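Next come the chains, spelled out residue by residue.
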Amino acid sequence: MYPYIEIFGKEITSYGLMAGIGCMVVFVLSMIRIKKTRSSLDDQLFFIGFILVGAVVGAKVLYQLQHLSELWVYRSVIFSSLSAFLDYFGQGMVFYGGLIGGCLGAIAYAKCFKINTVPNAEAIIPCIPLFHCFGRIGCFLGGCCYGIEYDGFLSVTFTNAIGGPNGVPLLPIQLIEAGANLITFIILISLEKKFKRPLQEFGLYLIIYSVERFIFEFFRGDLVRGSFLALSTSQWISLILLPIGFYFLMAKKNMLVRVCLNSAQPVTVYQGANMKG
């Protein structure tokens with residue numbers, strides 16, 4: 001594959017490039033959608049900023065938790081210098097950690113400024129699977145998050161992968177998941193006008209993705225990502241998020257939304273980070 005791409009004489013990772021493109025596309029789309037709310041530009045940028053910080057931190061934390069044994073074995077090398085420390089902790093992210101961290105970022109914003117963040121959150125929710133689609137394409141280009149050995153129709157064989165085996169026919173699970181995320185994005189966008197209660201769309205997203213991820217994990221070939229009782233960390237998280245998704249979708253009075261995102265407050269007083277009074 002193409003783990004590195006040269007742009008203007010500088011070599012960058014293809015995953016980083018796809019993640020960057022995904023961020024830009026989702027940021028523009030989110031800003032366009034958030035404009036329909038009554039929030040100011042400051043509110044929009046601060047809200048997205050809180051989510052991004054939470055997502056990056058969450059994705060990194062969950063990755064490190066899944067690799068604690070590696071951290072312990074190579075601790076003398078990892079902590080030998082600042083550059084070695086940054087190199088190690090700069091690598092690897094887990095989507096579920098980013099999703100959870102992003103949600104905590106949104107909650108932190110709501111509590112920090114004591115405002116109703118539901119309208120902005122609903123504008124961003126469909127963008128989550130769209131960004132994930134770009135990310136999985138980046139995984140495919142870099143060769144990480146690869147599938148099981150498979151030499152049938154549409155199998156792929158990496159020759160220059162940095163995160164997976166080379167010379168072995170594999171199932172392109174990254175592209176399958178990218179396609180599934182793109183379909184999820186289309187479904188959410190198509191159905192959003194049918195939702196009548198706060199964050200029902202988020203509930204549907206959690207249901208769709210938790211089911212998808214639980215199934216896809218059986219076809220992953222990279223086994224070093226945490227496991228317990230024959231299930232991966234992501235499968236256990238999927239089992240936890242599935243009923244939460246049904247709660248968001250079905251509950252007539254969603255106390256989680258009210259408590260976490262201050263949905264009881266009227267949208268018309270949405271001031272947020274705009275503290276100019």
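Residues numbered from 1 in each chain as written. Predicted model: local features only at pLDDT ≥ 70, side-chain atom pairs only at ≥ 80, totals over all residues. Heavy atoms only, no water.

## Quick notes on the overall build of the protein chain
Counting its secondary structure elements, the protein chain contains 12 helices and six strands. Counting contacts in the protein chain only where the partners sit at least 6 residues apart, residues at least 24 apart contribute 69% of the total. In the structure as shown, the protein chain presents an accessible area of about 14,800 Å², 71% of it carried by carbon and sulfur atoms. (Helix = DSSP H or I, 4+ residues; strand = E, 2+ residues; numbered from the N terminus. Contact = heavy atoms within 4.5 Å. Areas by Shrake-Rupley, 256 points an atom, 1.4 Å probe, with all protein chains shown as cover.)

## Describing the UniProt feature "transmembrane region" (unreviewed entry) in the protein chain
In the numbering adopted here, UniProt assigns the feature "transmembrane region" (unreviewed entry) to residues 12–32, 44–65, 85–109, 130–150, 170–191, 203–221 and 227–249. The span residues 12–32 carries 90% helix and 10% strand; its end-to-end C-alpha distance comes to 29 Å. Structurally, residues 203–221 comprises 74% helix and 0% strand, and the distance from its first C-alpha atom to its last is 29 Å. (UniProt positions renumbered as here; feature names shortened; annotations may be inferred.)

## Here we look at the confidence of the model for the protein chain
Should the pLDDT be low somewhere, the predicted coordinates at that spot are not to be read in detail. Here the protein chain averages 82 in pLDDT, while 87% of its residues score no lower than 70. Segment residues 266–277: pLDDT under 50, and 29 contacts once partners within four positions in sequence are set aside and those in other chains are kept. (pLDDT = per-residue confidence, 0-100.)

## A word on the environment of leucine 191
Looking at where leucine 191 falls in the secondary structure, it is placed in helix H9 (residues 173–191). Spatially, the C-alpha atom of leucine 191 lies 8.2 Å from that of glutamate 201, the residues being 10 residues apart in sequence.

## Looking at the environment of phenylalanine 248
Within the secondary structure, phenylalanine 248 is located in helix H11 (residues 233–250). Accessibility expressed as a relative area gives 9% for phenylalanine 248, which makes it buried. When sequence neighbours within four positions are dropped, the list of residues in contact with phenylalanine 248 reads Leu199, Gln200, Phe202, Gly203, Asn254, Leu256 and Val257. (Buried < 20%, exposed > 50% of the residue type's maximum accessible area, 1.4 Å probe, protein only.)

## As for unusual backbone geometry
Trans is the common state for peptide bonds, and a negative phi is the common state for residues other than glycine. Look at cysteine 145: it is not a glycine, yet its phi comes out positive at around 50 degrees. Assignment of secondary structure puts cysteine 145 in the loop between helix H8 (127–142) and strand S3 (156–157). The buried category is assigned to cysteine 145, whose relative accessible area is 18%. In the Ramachandran plot, leucine 154 falls in the positive-phi region, its phi being about 65 degrees despite a non-glycine side chain. For leucine 154, the location among the structural elements is in the loop between H8 and S3.

## Notes on the pattern of salt bridges
Between side chains of opposite charge, a pair can form when the charged atoms approach closely. Counting across every chain of the model gives five salt bridges. Notably, a salt bridge pairs arginine 220 with glutamate 217, separated by 3.4 Å at the nearest N-O pair. We classify arginine 220 as buried; its relative accessible area is 7%. Look at glutamate 217 and you get buried, because its relative accessible area is 4%. Several salt bridges converge on common partners, so that one network encompasses Arg213, Glu217, Arg220 and Asp222. (Salt bridge = Lys/Arg side-chain N within 4 Å of Asp/Glu carboxyl O.)

## A closer look at the packing of aromatic side chains
Tallied over the full model, the rule gives 13 aromatic pairs. Here tyrosine 247 and phenylalanine 248 contribute two aromatic rings whose centre-to-centre distance is 6.2 Å and whose plane-to-plane angle is 85 degrees, an arrangement assigned as edge-to-face. A relative accessible area of 30% means that tyrosine 247 is categorised as partly exposed. (Phe/Tyr/Trp six-rings, centres within 6.5 Å; stacked < 30°, edge-to-face > 60°.)

## Let's talk about the packing of H8 against H9
The contact between H8 and H9 brings their axes to 8 Å, and the two run at 170 degrees. As summarised for this structure, H8 and H9 are arranged roughly antiparallel, according to the angle between their axes. For the crossing formed where H8 meets H9, the hand is left-handed. Taking contact as the criterion, the partners of Pro129, Leu130, His132, Cys133, Arg136, Ile137, Cys139 and Phe140 in H8 are, on H9, Gln174, Leu175, Glu177, Ala178, Asn181, Leu182, Thr184, Phe185 and Leu188. (Axes fitted to C-alpha atoms, helices over the stretch in contact; angles between N-to-C directions. Parallel < 35°, antiparallel > 145°, perpendicular 65-115°, else oblique. Left-handed = near helix turned anticlockwise from the far one by under 90°.)

## Describing H8
Along its 16 residues, H8 runs 23 Å from first to last C-alpha, staying within 8% of the 22 Å computed at 1.5 Å per residue. Phi turns positive, to about 90 degrees, at glycine 143, one or two residues after H8. (Expected span 1.5 Å × (residues − 1).)

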